[in-house]
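A structural walkthrough
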Amino acid sequence: MILYPAIDLKDGQCVRVVRGDLGQATVFNASPADQARAWVAGGFHWLHVVDLNGAVQGAAVNAAAVEAILQSVSLPVQLGGGIRTLADIERWIEAGVSRVILGTVAVREPQVVRDAAKAFPEQIAVSVDVRAGKVAVQGWTEDSDLDAITVAKRFEDVGVSALIITDIDRDGTTLGFDVEAFGAIADAVTIPVIAAGGLASVDDIVRLKARPGTPIAGAVLGRALYNGAIVPAEALKVAA
């Protein structure tokens, strides 16, 4: 199981928020590039970067911070937040992003995802962000009438490399993973699932791995990693 330490960007800084509320942002590092280097030093093999302002506005806002991260580390980076067009995707891949995450367009313009997956094989992921059973869009400021499995199944057999399933109701809360909810989606599709939202301790990783059925491919580590509840070496050992 691959662990993805999250670097969420707001106003150029590395923050954590609660359930996507940008008004409840806690700044953990004024230098996202420094934070990226710290996670490299912690032994991680990927980084999960999200432009929170961009997700709401529908266009890159923290591009300078993302570029600083890309220039500071050699680890593969998956990037989401405000990426809406093929031109946006191409720009970030050319800049060095290993995997581009598409969320809002996966709901509103699924053909963009299909075209992107064809143009950039294995470099496109779909973010499925779930609140009260429905998929949210536009930086979680709007809800759709679609459930997660309906959205996920749109992209079977088109070349999407991963589904990042975020439990918005638990995101940033360290209440613990809803393992069964993630597992139900993993069992319903053939695309690898990465779990996000609510991770509280290494025990959540143990439970994800122990769950019968289709294995969960990865997990995003957020607030519990930043506040010290999760020690990188311990988490990586359990995930291996």
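Residues numbered from 1 in each chain as written. Predicted model: local features only at pLDDT ≥ 70, side-chain atom pairs only at ≥ 80, totals over all residues. Heavy atoms only, no water.

A tally of helices and strands in the chain yields 11 helices and 12 strands. The C-alpha atoms of the chain give a radius of gyration of 16 Å, which matches the 18 Å a tight globule of 240 residues would have. Expressed along its principal axes, the backbone C-alpha trace of the chain runs to roughly 40 × 40 × 30 Å. The burial tally for the chain puts 55% of its 240 residues in the buried class. Considering only contacts within the chain whose residues lie at least 6 apart along the sequence, 70% involve residues at least 24 apart. When the accessible area of the chain is evaluated, it comes to approximately 9,500 Å², of which 51% is carbon and sulfur surface. For the chain, the distance from the average site of its 20 positive side-chain charges to the average site of its 28 negative ones is 2 Å. (Helix = DSSP H or I, 4+ residues; strand = E, 2+ residues; numbered from the N terminus. Rg over C-alpha atoms; globule rule 2.2 N^0.38 Å. Buried < 20%, exposed > 50% of the residue type's maximum accessible area, 1.4 Å probe, protein only. Contact = heavy atoms within 4.5 Å. Areas by Shrake-Rupley, 256 points an atom, 1.4 Å probe, with all protein chains shown as cover. Lys, Arg positive; Asp, Glu negative; His and termini not counted. Charge placed at Lys NZ, Arg CZ, Asp CG, Glu CD.)

Counting across every chain of the model gives five aromatic pairs. With centroids separated by 5.7 Å and ring planes inclined at 55 degrees, the aromatic side chains of Y4 and W46 adopt a geometry described as tilted. With Y4 in strand β1 (residues 2-10) and W46 in the loop between α1 (32-41) and β4 (47-51), the pair connects residues that are 42 residues apart, well separated along the chain. As far as the burial class goes, Y4 and W46 line up, both buried. In this structure an aromatic cluster arises from ring pairing among F28, W39, F44 and Y226. (Phe/Tyr/Trp six-rings, centres within 6.5 Å; stacked < 30°, edge-to-face > 60°.)

This brings us to helix α8 (residues 179-188). Structural remark: α-helix, 3.6 residues per turn; residues separated by three or four positions point the same way. Residues of α8 that are buried: V179, F182, G183, I185 and A186. Taken end-on, α8 shows its buried residues confined to a sector of 160 degrees, consistent with a single buried face. Against α7 (148-153), β10 (162-167), β11 (193-196) and α9 (202-210) lie the buried residues of α8. (Arc of directions from axis to C-beta.)

Relative to the assigned elements, C14 resides in strand β2 (residues 13-18). Here C14 falls in the buried class, since its relative accessible area comes to 0%. Once you skip the residues sitting within four places of it in the chain, C14 turns out to touch I7, D8, T26, V27, F28, N29, P32, Q35 and Y226.

Mapped onto the fold, A6 is located in strand β1. Between the C-alpha atoms of A6 and F44, which are 38 residues apart in sequence, the distance is 11 Å. A6 has contacts with R16, W39, H48, V220, L221 and Y226, leaving out every residue within four places of it along the chain.

Now for the pairing of β1. In terms of burial, β1 is a largely internal element, eight of the nine residues being buried. By the bridge criterion, four bridges tie β1 to β4 in an arrangement that is parallel. Bridged to I7 within β4 is V49. Strand direction decides the pairing type here: β1 and β2, joined by three bridges, are antiparallel. Each bridged residue has a counterpart across the sheet, and for D8 the counterpart in β2 is V15. Hairpin geometry of β1 and β2 is characterised by an intervening segment of two residues between the two adjacent antiparallel strands and by a positive phi of about 50 degrees at D11. (Pairing = 2+ DSSP bridges.)

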